[in-house]
Amino acid sequence: MQCSTMITITLSWQDVTGDVIELPCAGHVGDELQFGGLEDYDADTMVRGTAVTNKDGLNKLGVLVNKPKSKSKGGIMTVSRMRNAPGRRGGGIHFLPRRKVKVIEIRGAKGKSVELVKQKSDVKNGEPAAEDVRFDQVKNEAKNKMEGSEVVMENMEVEANGDESAGRVGETRARGPPQDEELLEVPVVDPEFATEVDPGRERLLRLQVEELLKEVKLTEKRRAGIDEFVQVLRGLLADLPTLPPVQLDDTSWLPAGLCVPWPPGPALPSGVRMSLGPPAEVKIVGSYATSEVIRPDICIDLMLTMPKGSLQERDDLNQRYLRKRAVYLAFLAAHLKEERRLGNLKYTWLSGNCLKPALLVSSTGKNIRNISFRLLPRAGLERFKPSRFHPIRNNVRPSWLSVAAQDTDIATATSSTEPLPPTPCYNAAVLNDLFLEKHTRLILETFSSAPACRDGLILTRIWLHQRQLHQGRGAFSGFLAAMLAAYLVSTGQLSFGFDSWQVFRCLLSHLATSDWTKQGITFVKNLTLGMPILQDFHTVYDVVFVDPTGYVNLCADMTAATYQRVSREAQHALSVIKDSLVNPLQTLLLSSCPFVLSFDHIFSVKAGHMPAASERLAPNKARLDYGGDFVAASLSPLCKLLSRGFGSRVHILDHMLIPPPQWELNDLPPSPDHMGIVTFGLTFDTACAFSVLERGPEADMPEVKPFRELWGPRAELRRFPDGGVCEAVLWSPGVTVAQRRLVPKLIVEHLLCLHGGIPASAITYMGGFLDPILQSRIKGIEEGTGEEQLTSIIQSFDELCRQLRGLEGLPLVVTATVGTHPALRHTEVFPPHPTWLNPKSCCTSGTCDSLAPDPNKPCPAYVPAITAQLRLEGSGRWPTCLSAIARIRAAFHIRLATLLRQSHALVCQVSQSHVDVYKAGLVFRLSVVASRELTVQRGDGGDAERAAELVKDTCYTPLHGSHICGLQGEFPAFSSGCRLARRWLAAHLLSDHVPVEAIELVAARVCLHSIGHQPPGSPEAVFLQILFLLANFDWQSAPLLINLGRPFKQNEVHSIESSFLESRESLPAMFIGTPFIPRSSWTTKHPTPQILRRLVLLARESLRIIQEAMIQPLPDTDIWQAFRPPLSLYDALIYLLPWHLPRHAEALDKPAVLLPRGVQPAPSGLSLPQLPPVQYDPVEQFLKELRAAYDDFALFFHDRHGGDVIGVLWKPQAFLGYPFKPTHAAARNSVDSTATSTSGISTSACISANMATILADVELLGHGLVRCVESPKNGSCIGDGEQ
Amino acid sequence: MAATEETRESANPAARPLVVLPGGYRALPVRVQERKEHVRYIYVKEHRVREMAASWTPGKALLVLGIPPYCSQENLRLLFGKFGVVESVTLHKEADIPSATEAPSKYFNICPAQGFKVAVVTFKLLQDAKAVLSYPVDEALDLSSNEVPIITGVTKWAKEYKDKIIVPEEMQAEIDDYMEKYDKKEEEEAKKKNEADVPDEEGWVTVTRKGRHRGIPRTAVVMRRLLQRERKQKAQRELLNFYTWQRRESKRDHIIQLRKKFEEDKQKIALMKAQRKFRPF
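Residues numbered from 1 in each chain as written. Chains lettered and ligands numbered in written order. Predicted model: local features only at pLDDT ≥ 70, side-chain atom pairs only at ≥ 80, totals over all residues. Heavy atoms only, no water.

(A) Representation of the state of the cysteines in the model. On inspection of all chains with the given rule, the structure shows 0 disulfides over all chains. Here Cys639 of chain A is not cross-linked by a disulfide; its sulfur's nearest cysteine counterpart is in Cys425 of chain A, at 14 Å. (Disulfide = S-S within 2.5 Å.)

Here it is in structure tokens:
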């Protein structure tokens, strides 16, 4: 039956040039069809297809077309495609009764003539009846996707029994499934993608992309305004006067005060003349021309061809062309300055290259505010031969430079016998000017018919912008991205069928996988004689991307470091796209990732030392090739030197790109080192970055020489434990982890000093600059940031665990000990250190083992209890009553204490809920978990709230602890970064309002889903990224999910996300989910939405302060400002006496006088030490009392690490008058009795609270601790305690 | 000292008449020695309980609300001692005072003594209690004196710490005592339970609700688990893609689902757009 159906189909093929070839073919269903006609084109191009029907039978016909084999050169296959199903685009042709053809138009359809001849046997009647249905001008534009192996065309609906068709179709639509128009609205899901991520996410992403594009694209109104303004500009330029030839070194013809934006370097010899006049041609080039311009900083490039006669022979030599260009700009500026229709005029450098100034014209118009127009003069194409700018040729003669600069050094350095050094950057600078228009045209032509591709390029531009890669000398500009896209189209890797997101991904995946520093790419396929080959480019440039002319390297100024960073960023972007827990749009396109956040350590070098360094590293290059831009000239050799020195220690080493400056017409151009500093960033491979020993080659290997040359006097021969005798470099930073983290600093200082002559004083190294915050101020352990203490605490704990498991005589065996204290998971800000107290500083208690605090002496040193839980073997003999369970637990604790004392001579102190064990100067607080308790609480007579608490304490806390502890092994910077964040939080008096676990989870998220191109590798980086996340995460509309412990499953993410939006109001303000504890158990009560808002603000502000201080390290910037709480916003401040602050030494600013806290060295001998007061901090007690009493009236804020002030915020509604109710009785201290009636019973008497009385009571409650209470808002100070 | 207006006003109590508040409460002005200028109010009324104990004499006990956190039993004794002989003072956390179910213990079931409290003060004589309720607000009463000071701040916390240090032997003794009683009780209950279905000497069987087959407890957890199991079994029994209509329906549902999600997404986008979330720079 099927064989009887014969179809004839014609495909149209449009190649790049626009020629259309028609490929007709006919065959039966099941036959293979060969669409001839492309033979002339390329031998390999043969379109094959198979005629098919769908499974239902004959009413749908189609053809399966194999992909034309490669080399299709980006042509467009336009087919008569009849398809209206989800997943594919295209038009549909329905065969209606009496063989009439109806075409259903689809969106985006364009007029293309497709011919379709159909011969069909009438199946129903059994007798073949050939019939031609010929129709022209079928409006259909269906593009085959080129990337798949085959493209299915089907669903050519043939309604064999046409009588009933119309009605039936209507019926089925009413019931549901495929309504064509509606389904078209559902965006296409990339099938390749659907396997990786959830299609729903993909769909949402596409909608978001659409919105984003709308936001950045220019509106029609503004476009019209721009076009109008360009017309005005054209008119003005055409009206420029023609001047007689002027001397180049004589600028007297210019209006007074106006400066020529000369490139740096010596002036030209006198006698060079140029004539000035209106430009020969004015053209729009760049991003506006190719409709890729994005808001907000819109810049429209106008290319002005300098008039004939302005340039002479050999102007290509010795910067003559560039200098004439500068003069021409001054000429333009002189005549446009007075024009009223134009706004402000300024000079700038084109793409940060100081050889190429440009004139910026700001617009004045209604719809075109904040738009600038850049005037770029250039020579006519016919003026210079491109072959003169072959990359390895010299166009700036050293002899000229030496004569002009009256400098004999250069002449002697390059004697006449040697070949002239190539000037690749100079060559590229001139060539770029020449071919600017050609490149624009190429982009325009390639993407004229593919708006989706243009959108993709816009996305790429946004991405580059957000990563700060888009401007400055050697930047990866949007233009470069467009050229790359054009290249990918020419190689067939990018198809016009892609949508914008796919184009973006395609560009990313090319960048992620290619290495232009080793294997450059080129448009040119067939080289002609004399054209430079790729190898030529590689010898003189770091990064190679050759344009279609074959002479221009588009990446001439880019350093290898920058390219590697781009490549790394692209890899990161692809991983973000795959990560189902991160919104790729938010991370990649909607939030910016500044330079300092992308790197682990930052260092900056004073630019004043750059000339000397560049002369030493690359002699003469800066003056000849870079025209005197020493900074740019030294970047590449410096980066190369440093990355050689670092080897595998760093992943990425890059310098910061400096946005081009702008200056007034009356000013001289700024010097190329106008920033004053050059900033570099390092990201580490944390496995080996901080090792103190660098093992080099073996003593007798040929690599010894370069090794010794690199390291100079630091290289030495060493014998290694494996018997090898090798060259090695040993760094001796110190013993602590924090000091070892500064090994890279030593390397940088050594290498820069040895090879660049840059002294250490000129280097500002921003690594470990936050370490002082974590350093303990207690005598004897000043150095180090606590990592060592944390390790030793865990060791002591492990030993205790061993002892516990080995105890004999307990009724039930201890099966596990689980640490629940942050110190046991590496996140305690100031890890407890071993403390022994002098009994004289305390008073002895009833039992001889324990000391109790004495209120008349300074508060003894704070000894925190390191909490842990004991799990016992299962037993059925636990009682079933809660109070009995509590007593049995207490009995367990007593027994435990006795046994530990007997068998291990440990001092213990028993309590109802725990037992404190004093071991090696640390106090461990062990509590037995009674598994029966949870069952009873969950049962009939239990308390649901208490049960939930129990679950949290006994199930979730240990689980959380083990996962967080595991992270530390994977990310060495995690611990200190998280501790910094906790310290920051406490410094802003918020530590009691944000749970520890929440901050730990945020830190975990930062490490597991980094915003930078790799997980942060230094504590500062972790800390800054935590601040960044706190400040930028959309807490209101998205849950923060973390793959902690194991990755989330797709459906889990889905269910959390969908339930999140539905029940947003009832969920915690800060929602953090992990696979094992998905319901954000830690943040149910805290932080409240108000606190979270405040947290976000604080994070944003602190981040800004630290970033500024890192980029511009000025001597007077105070980085601690980010840690100082603004006290002015509190309603009242309670100042405390340091006398009773046991942790006063932990304060951010080290107190001038440290009170004696009774600490003494470890007692020797057999006498057992006495247990110091555990967890005794009067401030904590005070806060607890305050919160218990005045929770309804005020919020209390305090820095638990030595803060000597408590901030009070009133809850205003609590101070209104209330009618008396027993529940309102507390603290309502004033009675409004005016309404008392004569009978004596008042029905409307109001009671209200009184702030002054509350503050007086607060002072009373904190007797001995409070110095004074101030309420700055009223300007009053209430009470003054004894000093 | 900059006292606010209200404070100054309340510092002159002579102007204030006796205030009777809803519920029969009266405001009683008090002050502490250390801060004489601030007057606080506590609220007093006659304490009534539903279940009268034998020893209970109505009218002798007063319920006192809004007792500041620094005020101890001694302070209250001092305050009310002015009116007569105070028999007992008990402090509680909340206004609805629970009846004690267990014998008081030195170590267990201790309610935290923080925040504002409620007290029950019992006078020896009825008229003394009456005198409190009809106390005219002439002058604020003293909560503390030189002999009975208010103990707060560092002194209090140090004392609390010292008091919390436990002598294990004493606690062990209390526990042993309690557990002995508990065991005995348990034993008796078990005995009773065993005897429940056994005929006694005269052949009588005590019939209880809890028979031999008690059935499952109808708690939420158990019910949820049962439902889950049932659903799972049902799902295993059913073939979901057997009939053509089933497949068609599932496809249709899928598309409807898709559409719904698409609509949701659109809403989400609209929301984000309204919040200006799409501004990249």
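There is more to say after this.
(B) The arrangement of the nonpolar core in detail. Residues and elements named next belong to chain A. Ranked by internal contacts, the top residues of the largest apolar core, which has 131 residues, are Leu359, Phe373, Trp516, Phe545 and Leu589. If you tally residues by element for this core, the top one is helix H6 (residues 320-336), at 12 residues. Phe545 has contacts with Leu480, Met483, Leu484, Tyr487, Trp516, Ile521, Phe523, Val552, Asn553, Leu554 and Cys555, leaving out every residue within four places of it along the chain. Counting residues in each nonpolar core, the second largest holds 78 residues, with Val829, Phe971, Leu989 and Val1002 among its members. (Core = buried A, V, L, I, M, F, W, Y, C linked by side-chain atoms within 4.5 Å. Buried < 20%, exposed > 50% of the residue type's maximum accessible area, 1.4 Å probe, protein only. Helix = DSSP H or I, 4+ residues; strand = E, 2+ residues; numbered from the N terminus. Contact = heavy atoms within 4.5 Å.)

(C) View of the pairing of strand S3 (residues 61-67) of chain B. Residues and elements named next belong to chain B. Burial of S3 is extensive: 7 of the 7 residues sit out of reach of the surface. Examined bridge by bridge, strand S2 (residues 40-46) and S3 share 4 bridges and lie antiparallel to one another. Across the sheet, residue Val44 finds its bridge partner in S3, namely Val64. The pairing of S3 with strand S5 (residues 117-123) spans 5 bridges and is classified as antiparallel. Opposite Ile67, over in S5, you have Lys117 as the bridge partner. (Pairing = 2+ DSSP bridges.)

(D) Focus on unusual backbone geometry. Residue and element names in this part refer to chain A. The omega torsion across His1086 and Pro1087 is -10°, close enough to zero to call that bond cis. Even without glycine at this site, Leu989 takes up a positive phi of about 65°. Of the residues examined, Leu989 reaches a relative accessible area of 3% and is grouped as buried. One non-glycine residue, Gln1175, adopts positive backbone phi at about 55°. Mapped onto the elements, Gln1175 comes out in the loop between strand S38 (1159-1160) and helix H33 (1178-1190). Judged by relative accessible area, which is 30%, Gln1175 ranks as partly exposed.

(E) Spotlight on a negative patch on the surface. Residues and elements named next belong to chain B. A contiguous patch of negative charge on the surface is contributed by Asp176, Glu180, Asp183, Glu186, Glu187, Glu188 and Glu189. Tracing the backbone through its elements, the reader meets Asp183 in helix H5 (residues 168-196). We classify Asp183 as partly exposed; its relative accessible area is 42%. (Patch = residues over 30% accessible without salt bridge, like charges linked within 9 Å, V, L, I, M, F, W, Y side chains within 5 Å. Areas by Shrake-Rupley, 256 points an atom, 1.4 Å probe, with all protein chains shown as cover. Salt bridge = Lys/Arg side-chain N within 4 Å of Asp/Glu carboxyl O. Lys, Arg positive; Asp, Glu negative; His and termini not counted. Charge placed at Lys NZ, Arg CZ, Asp CG, Glu CD.)

(F) Quick peek at the confidence of the model for chain A. All names here are of chain A. Taken as a whole, chain A shows an average pLDDT of 77; of its residues, 79% reach a score of 70 or greater. For the stretch residues 66-75, pLDDT sits under 50, and the model shows 29 contacts to residues farther than four places along the chain or on other chains. Note on residues 185-197: pLDDT under 50 across the span, and 26 contacts to partners over four residues away in sequence or across chains. (pLDDT = per-residue confidence, 0-100.)

(G) A look at the interface of chain A and chain B. On the side of chain B, 76 residues touch chain A, which itself brings 103 residues to the contact. For the pair chain A and chain B, the summed buried surface comes to about 7800 Å²; carbon and sulfur atoms form 65% of the total. In this assembly, chain A and chain B are joined by 3 salt bridges. Taken together, the connections running from chain A to chain B amount to 12 residue pairs in polar contact (both at pLDDT 80 or more). Considering each element in turn, the side of chain A that touches chain B owes the most residues, 10 residues, to helix H4 (residues 199-216) of chain A. (Buried area = accessible area lost by both parts, 1.4 Å probe. Polar contact = N/O pair within 3.5 Å; in protein donor to acceptor, adjacent residues only side chain to side chain.)

(H) Main features of helix H31 (residues 1050-1062) of chain A. Residues and elements named next belong to chain A. For H31, with 13 residues, the first-to-last C-alpha span of 19 Å sits near the 18 Å given by 1.5 Å per residue. All buried positions along H31 are accounted for by Val1053, Ile1056 and Phe1060. Within H31, the buried residues cover an arc of 70° as seen down the axis, which keeps them to one side. Of the residues in H31, the exposed ones pointing more than 90 degrees away from the buried face are Asn1051 and Glu1062. Residues of H31 that are buried in the fold lie against strand S35 (1040-1041). (Expected span 1.5 Å × (residues − 1). Arc of directions from axis to C-beta.)

(I) Seen up close, the sheet that holds strand S31 (residues 865-872) of chain A. Residues and elements named next belong to chain A. Here 5 strands make up an open sheet; going across it, the order is S27-S31-S34-S33-S32 and the pairing mixed. Here the strands that pair on one side only, and so sit at the sheet edges, are strand S27 (814-819) and strand S32 (907-910). Within this sheet the neighbouring strands show an average axis-to-axis angle of 25°, counted without direction. Pairing geometry for S27 and S31, over 5 bridges, is antiparallel. (Axes fitted to C-alpha atoms, helices over the stretch in contact; angles between N-to-C directions.)

(J) Molecular detail of the pattern of salt bridges. Residue and element names in this part refer to chain B. Scanning all chains against the criterion turns up 49 salt bridges over all chains. Arg31 is paired through a salt bridge with Asp142; the nearest N and O atoms lie 3.1 Å apart. Highlighted residues: Arg31 in strand S1 (residues 26-31) and Asp142 in strand S6 (residues 141-142), separated in sequence by 111 residues. Classification of Arg31 by relative accessible area gives buried; the value is 17%.

(K) Spotlight on the packing of helix H12 (residues 500-513) of chain A against helix H14 (residues 560-578) of chain A. All names here are of chain A. Where H12 meets H14, the axes come as close as 8 Å, and the angle between the chain directions of the two elements is 130°. Relative to H14, H12 is oriented oblique. In this structure, the crossing between H12 and H14 has a hand that is left-handed. Contacts between H12 and H14 pair Trp501, Arg505, Leu508, Ser509, Leu511 and Ala512 from the former with Tyr563, Val566, Ser567, Ala570, Gln571, Ala573, Leu574 and Ile577 from the latter. (Parallel < 35°, antiparallel > 145°, perpendicular 65-115°, else oblique. Left-handed = near helix turned anticlockwise from the far one by under 90°.)

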